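What follows is the residue order along each chain.
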Amino acid sequence: MFRKSQNNQGNLFSSISNQISSRKQKLLDDPSSWHHVFYKEIVSRLDEEVYSVLFCENNGRPNASLRVLVGMMILKEGNGWSDEQLFEECRFNIKVMLALGYMNLDEDVPVESTYYAFRKLLSVHNEAHGTDLVKQSFHQITKEQVSSYEVSGRKIRLDSKLINSNIAVCTRLDLVLEAVRKFTKRLDVSRVESQVESKMYKLLLDLQKKSTTNLTYSLSKVEKEELLKDLGKVIKVLLDNYKGKADYNHLERLYKDQYREVDKGTDTNDGDIKGGDPELKDAKELSSSSLQSIHDPDATFRTKGRGHSTQRINGYHANITETCDESNELNLIVDVRLDKANINEEEFLLDAIESSEQLLQSAKKIKIKEEEEEEEEEEEETGRIIEHATTDGGYDGKNNREKMAAPEMPHWNMEKNKGKKQRFQMSYDKDNNLQVIDKKSGQKCEVGRSRKGDKVVIKFPTDKAQNKMYYTDEAIKNYLLLQTISENLREEDRNIRANVEATIHQTFHRLLKRNKIKYRGQYKCNMYVLSRALWVNFRRIHKNVTQIAHFFMFLILSTVMRHHTTKLQAE
């Protein structure tokens, strides 16, 4: 049954403040201490109503404090604790207890089973309804922080990070064998004994007792290739005989990824006939969205960069959006997105801008409501808050160029772009004729049409024999869009993007080696990134609060010293 958390009050006999010395109490009561700021900016701001959908309205045992459970998740990922460290700190560290809102020594945090059950409920709800409750909390908490600290969202910047899932890098044979092993681990495989070769049946029995490495380490390259081919027939038999079993869909997906069915008696172009014999696909035919691990079906593959800077990722792609207005005392992360690794940066841009805009608009409404300025509220709702969006060239794309060119969209500050550097300066004259100038020579180029009339031909001066370039009308339109973006790049905005890499480091420096995350599955990885983003925002707010406290302390000391000096001089 859903129940909201009650504000804790200190008990006369068990209150923490009553059990420690006055000196310790003074240090703990400092409002700029991290535990007070964490409670104020994270725990106390959390709207628990968001999580009411996970519990029965009027039946069952009341839930544990949800704001404590979410706070524990953020503390764990923020500090890089293991689960064991998390519960030890929450039970015996006074500052951590205060950060979660506990005022008395005899109060207990939710036990391990409650913590794990809550995370499972979040995952099940997301899978069933496609709703990310933790992300809703991130937006709700962040918009209140933006409003409270008057963070300007006039300028934002975006950057992304590729993350490896917590899975082993394996060969095709290891992948297929592990999928078969996991599927048959608790099955009675005697049902298929007569349908597979004796050596393959023995392999199925061995897989129920041994790891895939134990079965493959002694095989030669040729033997491994033959085994990989034979496994296709075995998987087909398993799929026919054990429909509806656990991991059936994953094994079926792997089969479609790695094999095709061909009818040897029929000559076909695609060689893909249902009911035929399985044939191993060539490695080059496998797509980046193919199954990378049976233990993390959501993970996908991507290669980024060249040479020594090449990144090979089996996992996910995270995108961070933060404010970057120079007038802000602090800037906050306002949007977090995590998708599969084979999703490019350009697919994040528009959704991230729109989500950030909604958050900033909501924050502004909170501020206006607090100030009770109803007339200004109606006037402000019509205009966009975000005026500038800064990215690197990874976000460049035809669709983004077209959408960002609309007058209602923010100015796009993009220093580099995909593809080669533009050679020509293009424009249309008053008669709508295309005019082209070669930037290298500064000379005007001849513009015509191809014989078929479907392409624009640009002839430019050069010593080489090849002095023509062909563009479709769509390519010319795209060229002009990029040209406009490049021309609108302002000098004062050139160095804005670089600092977002520091935010990426702040958010992801707790990852393991090879940028590997501790979790498997897209939703769990997404919860990790959201928790890290909330922690980064908290740390920035804490730093800001501490600086303000030190500033006022300096003013007080300066005033006292001046007064004391004046008094001595008078004497």
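Residues numbered from 1 in each chain as written. Predicted model: local features only at pLDDT ≥ 70, side-chain atom pairs only at ≥ 80, totals over all residues. Heavy atoms only, no water.

For the rest of this paragraph, the subject is the overall build of the protein. In terms of helices and strands, the protein carries 18 helices and 13 strands. The 571 residues of the protein split such that 45% are buried. Contacts spanning at least 24 positions in sequence make up 68% of the contacts within the protein whose residues lie at least 6 apart. Carbon and sulfur atoms provide 47% of the accessible area of the protein, an area that totals close to 32,000 Å². (Helix = DSSP H or I, 4+ residues; strand = E, 2+ residues; numbered from the N terminus. Buried < 20%, exposed > 50% of the residue type's maximum accessible area, 1.4 Å probe, protein only. Contact = heavy atoms within 4.5 Å. Areas by Shrake-Rupley, 256 points an atom, 1.4 Å probe, with all protein chains shown as cover.)

Next up on the list: helix H12 (residues 248–258). Owing to its 3.6 residues per turn, the α-helix brings residues three or four apart onto one side. For H12, the set of buried residues is Tyr248, Leu251, Leu254, Tyr255, Asp257 and Gln258. At its buried positions, H12 is contacted by helix H8 (172–184), helix H11 (221–241), strand S2 (259–262) and strand S3 (277–280).

Right, let's talk about the pairing of strand S4 (residues 300–304) for a bit. Inspection of the sheet shows S4 paired to strand S5 (residues 311–323) by 5 bridges, in the antiparallel sense. By the bridge assignment, Thr300 is partnered in S5 with Gly315. Taken together, S4 and the strand that follows it, S5, pair antiparallel across an intervening segment of 6 residues, in which Gly305 is found at a positive phi of about 90°. (Pairing = 2+ DSSP bridges.)

Time to look at the nonpolar core. Of all hydrophobic cores here, the largest spans 88 residues; its most connected members are Phe38, Tyr51, Leu100, Phe118, Leu122 and Val529. Here this core gets 12 residues from one element, more than from any other, and that element is helix H18 (residues 522–570). Other than its neighbours up to four places away in sequence, Val529 contacts Ile163, Ala318, Ile320, Val336, Leu338 and Phe508. Core analysis: the next-biggest nonpolar cluster, separate from the first, contains 33 residues, Leu204, Ile235, Leu239 and Tyr255 among them. (Core = buried A, V, L, I, M, F, W, Y, C linked by side-chain atoms within 4.5 Å.)

Moving on, we come to the packing of H11 against H12. Contact geometry of H11 with H12 gives a least axis separation of 10 Å together with a crossing angle of 145°. Remark: the crossing between H11 and H12 carries left-handed chirality. For the pair H11 and H12, the contacting residues are Gly232, Ile235, Lys236, Leu238 and Leu239 in the first and Tyr248, Leu251, Glu252, Leu254 and Tyr255 in the second. In the contact of H11 with H12, the residues fall into 7 nonpolar, 1 polar and 2 charged. (Axes fitted to C-alpha atoms, helices over the stretch in contact; angles between N-to-C directions. Left-handed = near helix turned anticlockwise from the far one by under 90°. Nonpolar A, V, L, I, M, F, W, Y, C, P; charged D, E, K, R; others polar.)

One pass over the structure, following the stated rule, counts 29 salt bridges. The partner of Lys76 in a salt bridge is Glu77, with the nearest N and O atoms 3.7 Å apart. Among the ionic pairs, Glu279 bridges to Arg260, the shortest N-O distance being 3.4 Å. Here Glu279, found in strand S3, pairs with Arg260, found in strand S2; they are 19 residues apart in sequence, far enough to count as distant. Looking at Glu279, the relative accessible area reads 38%, which means it is partly exposed. (Salt bridge = Lys/Arg side-chain N within 4 Å of Asp/Glu carboxyl O.)

Right, let's talk about the sheet that holds strand S13 (residues 468–471) for a bit. Ordered in space as S11-S12-S13, the 3 strands form an open sheet in which the pairing is antiparallel. Unpaired on one side and paired on the other, strand S11 (446–449) and S13 mark the two borders of the sheet. Neighbour to neighbour, the strand axes of the sheet diverge by 25° on average, direction disregarded. The pairing of strand S12 (residues 456–459) with S13 spans 4 bridges and is classified as antiparallel. The partner of Ile458 across the bridge, within S13, is Met469.

This part covers the packing of aromatic side chains. Tallied over the full model, the rule gives 13 aromatic pairs. Considering the side-chain rings of Phe87 and Tyr115, the 5.6 Å spacing of their centres and the 90° angle between planes classify their relative orientation as edge-to-face. Taken together, the residues Phe87 in helix H4 (residues 83–92) and Tyr115 in helix H6 (residues 112–129) connect sequence positions 28 residues apart. Between Tyr519 and Tyr528, the aromatic rings sit 6.1 Å apart at their centres with planes inclined by 55°, giving tilted as the arrangement. (Phe/Tyr/Trp six-rings, centres within 6.5 Å; stacked < 30°, edge-to-face > 60°.)

Examined against the element boundaries, Gln422 turns out to sit in the loop between strand S8 (411–414) and strand S9 (424–428). Classification of Gln422 as buried rests on a relative accessible area of 12%. Only 3.0 Å separates the side chain of Gln422 from the backbone oxygen of Tyr479, close enough to count as a polar contact. Beyond its immediate stretch of four places on either side in the chain, Gln422 contacts Lys439, Tyr479, Leu482 and Gln483. (Polar contact = N/O pair within 3.5 Å; in protein donor to acceptor, adjacent residues only side chain to side chain.)

Phi is positive for Glu150, which is not a glycine, with a value near 50°. Inspection of the secondary structure puts Glu150 in the loop between helix H7 (133–148) and strand S1 (155–164). Look at Asn515: it is not a glycine, yet its phi comes out positive at around 55°. Summarising the element assignment, Asn515 is placed in the loop between helix H17 (500–508) and H18. What makes Asn515 partly exposed here is its relative accessible area of 23%.

Here H11 spans 31 Å end to end across 21 residues, near enough to the 30 Å set by a 1.5 Å rise per residue. Within H11, the full set of buried residues consists of Leu227, Leu228, Asp230, Leu231, Gly232, Val234, Ile235, Lys236, Val237, Leu238, Leu239 and Asn241. Looking at the packing, one finds that the buried side of H11 touches H8, helix H9 (198–207), H12, S2 and S3. (Expected span 1.5 Å × (residues − 1).)

What follows concerns the confidence of the model for the protein. The pLDDT averaged across the protein works out to 88; a share of 90% of its residues lies at or above 70. Counting interchain partners and residues more than four positions distant, the pLDDT-below-50 stretch residues 376–380 has 4 contacts. (pLDDT = per-residue confidence, 0-100.)

Quick look at the packing of H4 against H6 now. At a minimum axis separation of 11 Å, H4 and H6 run at an interaxial angle of 120°. With respect to H6, the element H4 is oriented oblique. As for how H4 packs across H6, the hand of that crossing is right-handed. Along its contact with H4, which presents Asp83, Leu86, Phe87 and Arg91, the element H6 presents Glu112, Tyr115 and Tyr116. Looking at the contact of H4 with H6 residue by residue, the class counts come to 4 nonpolar, no polar and 3 charged. (Parallel < 35°, antiparallel > 145°, perpendicular 65-115°, else oblique.)

Within the fold, Pro461 resides in the loop between S12 and S13. Along the backbone, Pro461 and Leu98 are 363 residues apart, and their C-alpha atoms lie at a distance of 74 Å. Not counting residues within four places of it along the chain, the set of residues in contact with Pro461 comprises Arg423, Asp438, Ser441, Gln443 and Cys445.

The residue Ser147 is located in helix H7 in this model. Judged by relative accessible area, Ser147 falls into the buried class, the value being 4%. For Ser147 and Lys365, which are 218 residues apart along the polypeptide, the C-alpha to C-alpha distance reads 8.5 Å. When sequence neighbours within four positions are dropped, the list of residues in contact with Ser147 reads Ala363, Ile366, Lys367 and Glu370. A polar atom in the side chain of Ser147 sits 3.3 Å from the backbone oxygen of Ala363.

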